[in-house]
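# Geometric and topological summary
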Amino acid sequence: MASDKVSIHGAWASRWVFILAATGSAVGLGNIWKFPYMTGVYGGGAFVVMYLFCIALVGVPIMLAETLIGRRGRQSPVNAMKSLAIEAGASKHWSLAALMGMVAALLILSFYSVVAGWSLDYIIGMGRGDFTGISADGAGAAFGGLTSDPWRLTLWHSLFMLVTAFVIAKGVVAGLERSLRIMMPLLFVLLLVLLGYSFTTGHFREGFDFLFHFDPSKVQDGILAAMGHAFFTLSVGVGSIMVYGAYMPKKASIGATVLTVGLLDTLVALTAGLALFPIVFAAGLEPGGGPGLMFVTLPIAFGNIAFGQVMGLIFFVLVAVAAWSSSISMLEPAVAYFVEKTGRSRAQVTAALALLCWLVGMGTVLSFNLWAEAKFFVFAEDGFHLLQWGAEGGKTFFDSIDYLTSRILLPLGGLSFAMFAGWVLSRDAVREELSIRSPLLFNLALWLIRVVAPIGVLIVFIAELSK
Ligand code: TRP
C-alpha cells in the first residue's frame, strides 16, 4: 500500500509533533499582524464572521485534503501529486497545481521575511527601552523611521532569511521540534497577558464590538479578502501542509489532528484581535491603519505598563519565532522538490532558493521607501499600465505580491488540492488516510472536500469578478 512508504526527508516522531509543526506553520504573522490589520481595513465584525466561515467550510477541508495527499504520496507536493495521479489513472498535469503552490510559497516568503525583520528590529528597540512612555505619535514615527530606511530593512530581512535557511538546511524534522515545544505555549501565554492589559484600558467593550459587530453592508468589500486570509492563516493552498503531511506517521488520525490545528490558529488570531483593538481605541488610533497597526499599537501598550519593556521584548521575540516556524514551511515544499529532482544536498538547494527569495524580497523592502511611488497594475483612464511611477491607483510591489498570492494563487491552489483529493483519489484511499471511524463523519468530511470547499472558492471568485 502506498501509505507504507516513508519520505526521504524525514518523519515526525508522533502526531503531536505534526500538530506542533503544522501549528507552528499556521500561527505566525498572519494571526498577530495581518488578521488585526485586515479586520481594521475591512470594517470589523463583518470581516471576522466571513473569515470564520471561510476557515470552517473551506480552509479546514482543504487542510484535510492537503494532509492526506501528502501522507499518501510521501514526497514533495509536486511529486506526490504526480505519482498519485498516475496511480489513479488521471493526468499527471495535476502536479502543476503543486508547482504553482510552490512558487506562491516562495513569493510569500519573500515579503514575509521583510515583515518578520521588523519584529527583529523591535526586539532591539524594546531591549534598549526606546518605547518607554511613548505616545501614539511617537510610536507612529518610530515605525515610519524603520520602514523608510532601506538599509535597516535589508539588514533584518537578510538576517531572518539566513535563520530560516539554516533550519531548512538541517532538515525540518530535526530543526523544529525542540524550540516549538516551548515557544508556542509561551506565545499564547503572552497574548493572554496582553489581553489582560487591554482589559484595563477602559476600551475593551469598544474593541470587542468592533471585532464582533456584524454589519451586513460591509460584506461585499471584504469577502475575497476574508477567503484569501483564511488560506494564508492556515498555510493552505501552496503545499506547506502537504509537505508536512508527508512526514506524518501512518497511524495518526488526520481528522482530529487537522481540527486541532485549525482551532488553535483561530484562537490565536481572535486573542490577538481582542488584545489589540482596545489598545488601538484607547490610544485614539485608526483601526484601518493598515500593515503598521501591530507595530504602532503594541509599543504604546508596552511603553506604558509595568514591566512593559521586558514583556515587549519577550513578545517580539515570540513573534519572530512564530514567523520563523511559518517561514520554514514556505521553503520546505520547494526544497523537498529540488532535492528529489536534482539529487543535490539540502544545503545547496536551500542556499539557492533562499537567495532567490531574498532578492525578490528586496522589492518589498524598497516598496516602503525608494520605490514607494512605483505602482503596478494601474487601471487608469488612459488604459492599463503594468508599472507607472507615481500613479494614483495601483499597488506597490509589496501590495502586488500580497494580492497575487493571497487573492489568486492560494485560492486556486486550494481549489485544485480539494478537487484532487475529492475526485481523483479513490474514496477508499481517502477513507484509509482520514481513518475517521464514524461513517457519518467520514461522509461529512468527504462532502466538505468534494463539494463545499470548491464551491465556496468559486462563489467568492465570481462574486468578486462581478463587483
Ligand atoms: N500561516 C502563516 C501565518 O499565518 C503563514 C504561512 C506559512 C503561509 N506557510 C504558508 C501562508 C503557506 C501561505 C502559504 O503567518
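Residues numbered from 1 in each chain as written. Predicted model: local features only at pLDDT ≥ 70, side-chain atom pairs only at ≥ 80, totals over all residues. Heavy atoms only, no water.

Per an unreviewed UniProt entry, the protein chain carries the name Transporter and comes from Ectopseudomonas toyotomiensis. Here the protein chain is described in UniProt, under the heading Sequence similarities (unreviewed entry), as follows: "Belongs to the sodium:neurotransmitter symporter (SNF) (TC 2.A.22) family." Turning to the protein chain, the UniProt annotation filed under Subcellular location (unreviewed entry) states: "Membrane". (UniProt positions renumbered as here; feature names shortened; annotations may be inferred.)

Before going further, it helps to examine the overall build of the protein chain. Within the protein chain, the regular secondary structure consists of 18 helices and two strands. In terms of overall dimensions, the protein chain is globule-like: its C-alpha atoms have a radius of gyration of 21 Å, near the 23 Å expected for 467 residues. Here the C-alpha coordinates of the protein chain stretch approximately 65 × 50 × 45 Å along the principal axes. Going through the 467 residues of the protein chain one by one, you find that 59% of them count as buried. Counted over contacts in the protein chain with a minimum sequence separation of 6, partners at least 24 positions apart contribute 81%. For the protein chain, the exposed area adds up to about 18,200 Å²; of that, 68% sits on carbon and sulfur atoms. Of the side chains in the protein chain, 28 bear a positive and 26 a negative charge, and the two mean positions are spaced by 14 Å. (Helix = DSSP H or I, 4+ residues; strand = E, 2+ residues; numbered from the N terminus. Rg over C-alpha atoms; globule rule 2.2 N^0.38 Å. Buried < 20%, exposed > 50% of the residue type's maximum accessible area, 1.4 Å probe, protein only. Contact = heavy atoms within 4.5 Å. Areas by Shrake-Rupley, 256 points an atom, 1.4 Å probe, with all protein chains shown as cover. Lys, Arg positive; Asp, Glu negative; His and termini not counted. Charge placed at Lys NZ, Arg CZ, Asp CG, Glu CD.)

Every one of the 16 residues lining the ligand counts as a neighbour, but Ala26, Gly30, Tyr112, Phe232 and Ser235 are closest to it. Between the ligand and the protein, one listed contact pairs an oxygen atom with a side-chain N or O atom of Tyr112 at 2.5 Å. Burial of the ligand by the protein chains amounts to 100% of its free accessible area of 360 Å². In a pocket analysis with a 2 Å cut-off to the grid points, the ligand is assigned to the largest cavity. Going through the elements one at a time, helix 1 (15–26), helix 2 (29–41), helix 5 (95–128), helix 10 (219–234) and helix 14 (308–342) are the ones with two or more residues in the shell around the ligand. Each residue belonging to the shell around the ligand can be placed in one class, and the counts come to seven nonpolar, nine polar and no charged. (Near = heavy atom within 4 Å. Polar contact = N/O pair within 3.5 Å; in protein donor to acceptor, adjacent residues only side chain to side chain. 1 Å grid on protein atoms, 1.4 Å probe; cavity = no way out; pocket = protein on both sides within 12 Å on 5 of 7 lines; lining within 4 Å. Sits in = over half its atoms within 2 Å of the grid points. Nonpolar A, V, L, I, M, F, W, Y, C, P; charged D, E, K, R; others polar.)

Further remarks concern the nonpolar core. The nonpolar side chains of soluble globular proteins are, as a tendency, buried together. Membership of the largest hydrophobic core comes to 169 residues, with the highest contact counts inside it found for Trp12 and Phe315. At 19 residues, the largest contribution of residues to this core is made by helix 5. When sequence neighbours within four positions are dropped, the list of residues in contact with Trp12 reads Val17, Phe18, Ala21, Val172, Val173, Leu176, Tyr244, Tyr247, Met248 and Pro249. (Core = buried A, V, L, I, M, F, W, Y, C linked by side-chain atoms within 4.5 Å.)

Before going further, it helps to spend a moment on the packing of aromatic side chains. The tally for this structure, following the rule as stated, stands at 29 aromatic pairs. A ring pair is formed by Tyr122 and Phe131, whose centres lie 5.3 Å apart and whose planes are at 15 degrees; its orientation type is stacked. Under the relative-accessibility criterion, Tyr122 is labelled buried at 1%. Among the residues examined, Phe131 registers a relative accessible area of 6% and is labelled buried. Taken together, a centroid distance of 5.7 Å and an interplanar angle of 45 degrees make the contact between Phe302 and Phe315 tilted. A residue pair is termed long-range when its members are at least 10 positions apart, and Phe302 in helix 13 (residues 293–303) and Phe315 in helix 14 qualify at 13 residues. In this structure Phe315 comes out as buried when scored by relative accessible area, which is 0%. Taking NZ or CZ as reference, Arg15 lies 5.4 Å from the ring centre of Trp16, over its face. Taking the ring centre of Trp423 as reference, the NZ or CZ of Arg450 above it sits at 4.5 Å. (Phe/Tyr/Trp six-rings, centres within 6.5 Å; stacked < 30°, edge-to-face > 60°. Lys NZ or Arg CZ within 6 Å of the ring centre and 35° of its normal.)

As paired strands, strand 1 (residues 374–380) and strand 2 (residues 383–389) are joined by six bridges and run antiparallel to one another. Directly across from Phe376, in strand 2, lies its bridge partner Leu387. Linking two consecutive strands that pair antiparallel, namely strand 1 and strand 2, is a turn of two residues. (Pairing = 2+ DSSP bridges.)

Quick look at the pattern of salt bridges now. For the structure on display, the rule yields 10 salt bridges. In this structure, Arg72 and Glu433 form a salt bridge, with 2.8 Å as the shortest nitrogen-oxygen distance. Taken together, the residues span a long stretch of sequence, with Arg72 in helix 3 (residues 45–73) and Glu433 in helix 17 (residues 427–434) at a distance of 361 residues. Note on accessibility: Arg72 and Glu433 belong to one class, buried. Linking Asp215 and Lys218 is a salt bridge whose minimum nitrogen-to-oxygen distance equals 3.9 Å. (Salt bridge = Lys/Arg side-chain N within 4 Å of Asp/Glu carboxyl O.)

Before going further, it helps to examine unusual backbone geometry. Backbone geometry places Phe377, a non-glycine residue, at a positive phi of 50 degrees. The phi dihedral of Ser435 is positive, around 40 degrees, even though this residue is not glycine. Along the chain, Ser435 turns up in the loop between helix 17 and helix 18 (439–465).

Here the focus is the layout of surface pockets. Over the atoms rolls a probe the size of a water molecule, and in doing so it shows where empty space is left. Space inside the largest pocket adds up to approximately 460 Å³. Around the largest pocket sit 22 residues that line it, and Tyr37, Tyr42, Pro291, Asp399 and Asp402 are the ones nearest its centre. Elements supplying a minimum of two residues to the lining of the largest pocket: helix 2, helix 10 and helix 16 (397–424). Considering every element that reaches the lining of the largest pocket, the biggest residue donor is helix 16, with six residues. Residue classes in the lining of the largest pocket are distributed as 10 nonpolar, seven polar and five charged. (Points joined across faces, edges and corners; volume = space filled by probe spheres on them.)

To continue, consider empty space enclosed by the protein. One pass over the full model with this rule turns up one cavity of 30 Å³ or more. In this structure, the largest cavity spans a volume of roughly 160 Å³. The wall of the largest cavity is formed by 19 residues, among which Ser25, Ile108, Phe232, Ser235 and Met330 lie closest to the centre. Of all elements in the fold, only helix 1, helix 2, helix 5, helix 10 and helix 14 reach the threshold of two or more residues within the lining of the largest cavity. Along the lines of polarity and charge, the residues of the lining of the largest cavity split into 10 nonpolar, nine polar and no charged.

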